[in-house]
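Chains, contacts and geometry: an overview
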Number of protein chains: 2
Amino acid sequence: MLHVNENYARIKPTYLFAEIAHRVQEHQKSGNAGRIIRLGIGDVTEPLAPAVVEAMHKAVDDEAGRENFHGYGPEQGYQFLRDKIAEIDFHSRGIDIKPDEILVSDGAKCDCGNIQELFSVDVKVAVTDPVYPVYVDTNVMAGRHNIELLKCGKENGFVPSPAGCDADIVYLCFPNNPTGAVATKAQLQEWVDWANAGKKLIIFDAAYEAFIRTEGIPHSIYECEGARTCAIEMRSYSKTAGFTGVRCGYTVVPTELYAYASDGTPVSLKAMWTRRQTTKFNGASYITQRGAEAIYSPEGMKQTKDIIDFYLENARLVREALTSLGYEAFGGVDSPYVWIDVKGSSWDFFDKLLKEANVVTTPGAGFGEAGEGFIRISAFNSRENVLEAIDRISRVL
Amino acid sequence: MLHVNENYARIKPTYLFAEIAHRVQEHQKSGNAGRIIRLGIGDVTEPLAPAVVEAMHKAVDDEAGRENFHGYGPEQGYQFLRDKIAEIDFHSRGIDIKPDEILVSDGAKCDCGNIQELFSVDVKVAVTDPVYPVYVDTNVMAGRHNIELLKCGKENGFVPSPAGCDADIVYLCFPNNPTGAVATKAQLQEWVDWANAGKKLIIFDAAYEAFIRTEGIPHSIYECEGARTCAIEMRSYSKTAGFTGVRCGYTVVPTELYAYASDGTPVSLKAMWTRRQTTKFNGASYITQRGAEAIYSPEGMKQTKDIIDFYLENARLVREALTSLGYEAFGGVDSPYVWIDVKGSSWDFFDKLLKEANVVTTPGAGFGEAGEGFIRISAFNSRENVLEAIDRISRVL
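Residues numbered from 1 in each chain as written. Chains lettered and ligands numbered in written order. Predicted model: local features only at pLDDT ≥ 70, side-chain atom pairs only at ≥ 80, totals over all residues. Heavy atoms only, no water.

Attention now moves to the relation of the copies chain A and chain B. Between the two copies, chain A and chain B, the superposition gives an RMSD of 0.0 Å; the rotation angle is 180° and the shift along the axis is 0.0 Å. Both copies of the chain, as the preceding transformation shows, are related through a two-fold rotation axis. Across chain A, the smallest distance between a C-alpha and the rotation axis is recorded for H57 of chain A, namely 3.0 Å. Most of the interface of chain A is mirrored in chain B, where 100% of its interface residues again form contacts. (Least-squares fit on C-alpha atoms with pLDDT ≥ 70 in both. Contact = heavy atoms within 4.5 Å.)

Printed below as a string of structure tokens:
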């Protein structure tokens with residue numbers, strides 16, 4: 001008889017976005033709804049940068065002829081892209097990451113979800129609360145049910161400290177989803193020191209790195225001394241370059257990074273992740289990788305920065321509006337997310353904005369217990385819609 | 001301390017394609033090499049169909065404007081593609097598969113590798129020998145070390161029978177990689193009956209389905225009665241439409257398919273696979289899915305069929321040439337692979353063709369013990385190269 005992986009039954013059903021969709025639908029059916037403006041889900045709205053579009057057209061044409069046709073590519077990603085990443089995302093910031101430590105994938109969500117396969121089922125995992133649910137769910141699906149929650153609230157500026165954390169692996173995401181908080185170099189250095197001291201691992205999700213504008217805020221965990229021996233970093237082009245529908249990201253696994261067999265033998269995580277990817281993945285689309293390469297061209301860099309600036313201005317407008325309405329607002333400076341203390345139930349506040357202002361947000365309770373009392377407003381929309389949403393919200397609050 | 005998943009240490013290093021690359025390199029360094037013709041790895045060489053190219057250009061343009069911009073799509077795939085698959089790959093052949101039973105992905109290799117996550121570590125797995133290594137390696141990585149090998153040789157026409165197989169899950173691939181063998185409906189029905197009788201599962205890899213030309217050979221496991229309660233099927237556009245570099249495939253999980261909790265409770269595999277994909281995957285690229293949709297347009301179907309016919313003619317030429325040279329050749333009729341009994345060591349034969357004819361093939365030993373004594377010749381190349389390779393091979397054998 002075919003036995004199921006019973007760990008799946010222990011994942012909490014993530015009703016969050018389904019529940020939001022349901023409430024929006026009910027509201028629309030009520031007959032009282034006007035035009036809905038969505039500032040809920042973190043999906044981009046602006047078109048791809050022209051340099052990226054041009055590169056992808058060219059890549060489609062490559063696939064249309066025998067001469068430049070590309071079939072199976074290296075599962076680790078094309079060298080042309082890995083070289084650009086190493087040069088521009090790391091070397092240009094004085095960070096020592098080599099192209100062969102970078103593995104290109106079809107998105108950070110996949111990598112975040114799959115990375116836990118490299119570790120024993122008995123390792124202990126810690127995540128922040130509130131949290132991006134993928135870190136938790138993928139560990140539960142693998143049989144790791146006892147997950148440590150690092151509470152993030154106003155008292156710690158939404159950045160946890162390693163003091164007292166006895167996990168083997170910690171997932172950190174800065175700029176943070178959902179709170180929009182960033183970590184200082186000193187705060188990240190504490191985690192790096194903690195990890196190195198205990199032969200532990202940091203899985204650093206830097207999906208929102210491109211939104212950092214404040215001087216001195218680290219763009220990469222590898223800006224911290226010693227991170228090469230204790231951290232994996234994930235990056236995504238989803239928010240950086242509007243690739244949510246195009247699908248590309250990458251994971252950095254330094255050569256000096258090890259996990260340990262039960263007899264203490266060190267095992268290279270770069271070798272294991274490479275083996276994982278070459279066995280269960282077949283590389284990101286050639287067309288996509290050519291598009292990603294174009295992000296690093298001078299025009300591509302300028303154009304994608306302009307789009308991020310546009311979203312950051314949206315975030316600033318939202319943050320200022322809510323502040324002037326008397327709400328404490330966090331994030332929204334080096335992040336597309338504004339995290340608002342709603343002084344009450346997050347679902348009630350969500351319902352009020354939906355029913356009275358026809359604006360969709362995300363209730364913080366959906367990201368964990370410590371998210372209760374907050375809502376997340378996303379800056380991903382047109383300027384017109386953001387201004388209209390602010391206007392409507394101002395009238396009902 | 002960070003404990004590693006020690007199962008990874010038990011995967012056999014797959015030296016096959018690395019070893020081939022190494023031998024080719026050494027040969028080239030020797031100074032005696034002429035122009036190398038590669039009939040080894042199963043990668044396509046012909047350009048994408050014009051209908052697909054046109055659809056992908058249009059999709060890139062969609063991403064270039066605000067109006068038709070597509071961000072995150074459904075992880076299960078866009079409805080426009082799932083509807084076409086259900087209609088053309090299944091309904092048009094009288095097979096009852098609904099769009100919501102089809103989950104689109106970035107390729108069959110990923111799905112083949114990931115599907116085992118749904119099952120308990122203690123389930124017993126059977127594979128054919130010779131075999132596509134992904135089925136084995138992904139199970140070993142998950143802790144299933146005791147894998148049953150179903151020997152496939154001339155005596156059973158390279159199609160195993162379920163008699164005596166006591167596994168819970170069997171991986172079957174027809175048309176087969178590497179042998180090029182196809183299974184008759186009666187042979188597949190035996191497996192379906194075996195699976196239903198014992199509450200077992202067939203994972204049916206139909207990546208080479210588009211090469212079937214012989215009347216009566218099933219294109220899908222679901223042509224067998226009862227398969228909806230015991231089989232998952234995987235399809236790929238890699239060989240069908242030259243998508244090895246574009247990345248798209250799909251997996252069918254019928255609604256009636258269950259695995260069982262330890263107390264015997266049935267658990268829907270469609271729900272589990274959907275949960276797996278929504279948690280660890282973020283959908284195939286929008287541009288890719290628009291390209292895949294175009295395969296099903298009247299022009300797309302004609303154009304892709306012409307490309308397959310072209311490869312099949314290559315396969316026929318190879319098969320006939322080797323037969324006329326006195327070798328027993330299998331496959332190559334409903335398959336791009338010709339499987340040749342070399343009457344001796346497969347690596348020796350590989351070396352002979354490499355060094356004397358500058359032709360790269362794949363030694364059967366690389367696919368398992370039962371592959372020893374055979375080589376695989378792939379039909380994926382230009383006609384000119386295939387004819388030249390045949391000519392050179394004929395001179396040295």
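Attention shifts here to the environment of E223 of chain A. With respect to the helices and strands, E223 of chain A occurs in the loop between β6 (201-205) and β7 (231-236). If near-sequence neighbours (up to four positions away) are discounted, E223 of chain A is found in contact with R93, I95, K185 and P218 of chain A. (Helix = DSSP H or I, 4+ residues; strand = E, 2+ residues; numbered from the N terminus.)

The pairing of strands in a sheet comes from backbone hydrogen bonds and takes either a parallel or an antiparallel form. Residue and element names in this part refer to chain A. Spatially, β2-β8-β7-β6-β5-β3-β4 is the arrangement adopted by the 7 strands of the open sheet, whose pairing is mixed. With one partner strand each, in any of the chains shown, β2 (102-105) and β4 (148-151) form the two edges of the open sheet. Direction aside, the axes of adjacent strands within the sheet are offset by 20° on average. Bridging between β7 and strand β8 (residues 249-252) involves 4 bridges; their strand directions are antiparallel. Paired with E233 across the bridge in β8 is V252. Contacting β2, β7 and β8, helix α3 (residues 79-90) runs over the sheet at an angle of about 115° to β2. (Pairing = 2+ DSSP bridges. Axes fitted to C-alpha atoms, helices over the stretch in contact; angles between N-to-C directions.)

Judged by nonpolar contacts, the single largest core of 136 residues is most densely connected at I202, Y237 and F243 of chain A together with I202, Y237 and F243 of chain B. Within the second largest apolar cluster, 65 residues are counted, among which are I11, L103 and V127 of chain A together with V123 of chain B. (Core = buried A, V, L, I, M, F, W, Y, C linked by side-chain atoms within 4.5 Å. Buried < 20%, exposed > 50% of the residue type's maximum accessible area, 1.4 Å probe, protein only.)

This next bit is on the interface of chain A and chain B. Put simply, an interface is often sized by how much accessible area is lost when its parts join up. Every contact between the two is made by 81 residues of chain A and, on the other side, 81 residues of chain B. Carbon and sulfur atoms make up 58% of the surface buried where chain A meets chain B, a total of about 6,800 Å² over both sides. At the junction of chain A with chain B, the criterion picks out 6 salt bridges. Across the salt bridge formed by R66 of chain A and E46 of chain B, the nearest N and O atoms sit 2.5 Å from each other. If you look at where chain A meets chain B, you find 43 residue pairs in polar contact (both at pLDDT 80 or more). At the level of elements, α2 (50-63), α4 (108-114), α5 (133-141), α7 (237-240), β9 (258-260), α8 (269-280) and α9 (286-295) of chain A are the ones that each hand at least two residues to the side of chain A that touches chain B. Classifying every residue of the side of chain A that touches chain B gives 35 nonpolar, 26 polar and 20 charged. (Buried area = accessible area lost by both parts, 1.4 Å probe. Salt bridge = Lys/Arg side-chain N within 4 Å of Asp/Glu carboxyl O. Polar contact = N/O pair within 3.5 Å; in protein donor to acceptor, adjacent residues only side chain to side chain. Nonpolar A, V, L, I, M, F, W, Y, C, P; charged D, E, K, R; others polar.)

As enumerated under the stated definition, the model contains 57 salt bridges over all chains in all. Between D137 of chain A and R275 of chain B there is a salt bridge; the shortest N-O distance is 2.9 Å. Residue D137 of chain A is found in helix α5, and its partner R275 of chain B is found in helix α8 (residues 269-280); the two belong to separate chains. A relative accessible area of 18% means that R275 of chain B is categorised as buried. One salt bridge connects R235 of chain B with D89 of chain B, and the closest N-O pair in it is separated by 3.9 Å.

The next point concerns the side chain of N176 of chain B. All names here are of chain B. With respect to the element layout, N176 can be found in the loop between β5 (169-173) and α6 (185-197). A residue is classified by how much of its surface remains accessible, and N176, at 4% relative accessible area, is buried. Of the polar contacts made by the side chain of N176, one reaches the backbone oxygen of C173; its length is 2.9 Å. Within the structure, N176 has its side chain in polar contact with the side chain of T179 (distance 3.0 Å).

It is worth spelling out the sheet that holds strand β4 (residues 148-151) of chain B at this point. All names here are of chain B. Ordered in space as β2-β8-β7-β6-β5-β3-β4, the 7 strands form an open sheet in which the pairing is mixed. Either end of the sheet is taken by a strand with one partner, and the two such strands are β2 (102-105) and β4. Averaged over all adjacent pairs, the angle separating strand axes in this sheet is 20°, with direction ignored. Where strand β6 (residues 201-205) lies against strand β7 (residues 231-236), 4 bridges are found, and the strand directions are parallel. Note on β7: the bridge partner recorded for D205 is M234.

Next up on the list: the domain arrangement of chain A. All names here are of chain A. Domain assignment breaks chain A into domain 1 (6-47 + 300-396) and domain 2 (50-298). Between the C-alpha centres of domain 1 and domain 2 there is a distance of 25 Å. Listed by partner, the interface residues are 37 residues for domain 1 and 42 residues for domain 2. Buried surface at the junction of domain 1 and domain 2, both sides included, amounts to about 3,200 Å², of which 62% is carbon and sulfur. Three residues, I308, D334 and F367, lead the burial of domain 1 against domain 2; their summed loss comes to 21% of the area buried on that side. Of the charged contacts, one joins K154 and E328 as a salt bridge, the two residues approaching to 2.8 Å between their closest N and O atoms. Linking domain 1 with domain 2 are 20 residue pairs in polar contact (both at pLDDT 80 or more), by the criterion used here. Sorting the residues of the side of domain 1 that touches domain 2 by element identifies α10 (298-324), β11 (328-331), β12 (337-341) and β15 (374-378) as the ones contributing at least two each. (Domains from an automatic or database assignment.)

With that settled, the discussion passes to helix α11 (residues 346-357) of chain A. Residues and elements named next belong to chain A. The end-to-end C-alpha separation of α11 is 16 Å, in line with the 16 Å expected for 12 residues at 1.5 Å each. When we look at burial in α11, the residues that qualify are S346, W347, F349, F350, D351, L353, L354 and A357. Tucked into the core, α11 has its buried residues touching α1 (16-29), β13 (359-360), β14 (362-363), β15 and α12 (383-396). At the N-terminal end of α11, a side-chain oxygen is found 3.3 Å from the backbone nitrogen of W347, two or three residues along, and the residue is S345. Two residues or fewer past α11, N358 is found with a positive phi of approximately 55°. (Expected span 1.5 Å × (residues − 1).)

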